[in-house]
Each structure stands twice: as structure tokens, then as C-alpha cells.
Amino acid sequence: HNGAMREGDGGYVGGGGWHRAGGGGGGGRGGHAGGNLSVYVGNLAYETSWQDLKDHMRAAGNVDKADVLKSDDGRSKGCGIVLYQKSHEAARAIRELQNTELNG
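Residues numbered from 1 in each chain as written. Predicted model: local features only at pLDDT ≥ 70, side-chain atom pairs only at ≥ 80, totals over all residues. Heavy atoms only, no water.

**Here's the deal with the overall build of the protein**
- Scanning the protein from terminus to terminus reveals two helices and five strands.
- Counting from the amino terminus, the protein carries its helices and strands in the arrangement β-β-α-β-β-α-β.
- Across the protein, every contact between residues at least 6 apart in sequence was considered, and the portion connecting residues at least 24 apart equals 67%.
- Accessible surface computed for the protein: about 5800 Å², of which carbon and sulfur atoms make up 44%. (Helix = DSSP H or I, 4+ residues; strand = E, 2+ residues; numbered from the N terminus. Contact = heavy atoms within 4.5 Å. Areas by Shrake-Rupley, 256 points an atom, 1.4 Å probe, with all protein chains shown as cover.)

**What about the nonpolar core?**
- Grouped together as the largest cluster of nonpolar side chains are 16 residues, with contacts concentrated most on Val-39, Val-41, Leu-53, Met-57, Val-82, Tyr-84 and Ala-93.
- At the level of elements, strand 2 (38–41), helix 1 (50–57), strand 3 (63–70), strand 4 (76–84) and helix 2 (87–96) are the ones that each hand at least two residues to this core. (Core = buried A, V, L, I, M, F, W, Y, C linked by side-chain atoms within 4.5 Å. Buried < 20%, exposed > 50% of the residue type's maximum accessible area, 1.4 Å probe, protein only.)

**Things to note about the pattern of salt bridges**
- Summed over all chains, the structure comprises four salt bridges.
- A salt bridge links Arg-92 to Glu-96, with the shortest nitrogen-to-oxygen separation between them at 3.0 Å. Taken together, the residues Arg-92 and Glu-96, both in helix 2 and four residues apart, mark about one turn of the helix.
- Residues Glu-96 and Arg-95 are paired through a salt bridge, measuring 3.8 Å at the closest nitrogen-oxygen approach.
- On the basis of relative accessibility, which here comes to 57%, the residue Arg-95 falls in the exposed class. (Salt bridge = Lys/Arg side-chain N within 4 Å of Asp/Glu carboxyl O.)

**Overview of the environment of Trp-50**
- Relative to the elements of secondary structure, Trp-50 occurs in helix 1.
- Once the C-alpha coordinates of Trp-50 and Lys-65 are considered, the two residues, 15 residues apart in sequence, prove to be 8.6 Å apart.
- With near-sequence residues (within four places) excluded, Trp-50 lies in contact with Ala-66, Asp-67 and Val-68.

**Regarding the side chain of Ser-76**
- Locating Ser-76 in the fold gives a position in strand 4.
- Residue classification places Ser-76 among the buried positions, given a relative accessible area of 12%.
- Once residues lying within four places of it in the same chain are set aside, the contact partners of Ser-76 are Tyr-46, Val-68, Leu-69 and Lys-70.

**Structural notes on unusual backbone geometry**
- The phi dihedral of Asn-43 falls on the positive side, at around 65 degrees, and the residue is not glycine.
- Relative to the elements of secondary structure, Asn-43 occurs in the loop between strand 2 and helix 1.
- By relative accessible area, which is 36% here, Asn-43 ends up partly exposed.

As C-alpha cells, this is what we get:
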């Protein structure tokens, strides 16, 4: 499987569909308003871990967090969300890492 990224799937690319867990972390960087920080990654191999995803997506910039979405039984849904520190890094990931292979 390749980690093909598609813009707009489920509203994930755009930050509105997913928020950082833990709450209360809004202070510090004010980069949120400048653009989208999160990137939806689809078509992942089921064995891909969040560490694999984070390592692969680092090619586009500094990754704050990477999550592989899981179903209620703990199995991977084959997709994930990557949160970048800066919006231009997220945009670069969408542009440059689209249709790249991860654990292929």
C-alpha cells in the first residue's frame, strides 16, 4: 500500500476536523490562523504505526503529532492524521508526499 494523501477527504485537511488531544495547549505558537496544520493520510497499510507515519511525513517539515486512526477493536482504519508545526509544512506535505510509498 502507498500512503496516498488526498486533500479534503472527510474534512481532515483543513484542521477543522481534528484537534490536538489533551486540551489547554492553545498557548505558545500563533501559527494556527495562518493556514491548515493537519494533513489527512489515506490508504495506509494496516501494519503502519504512528511512528512509521511520523518518520515518513517528516520529509515535509516538523511533525508535532501523528495518529493512525483505529476502530473500536483497536485495528487500524488504514488512515491517519499528521499535525505539523507550520501551515507551509502541511501544504508541502500535501504537494510533495502525495502518492508516496510508506511500508510498501
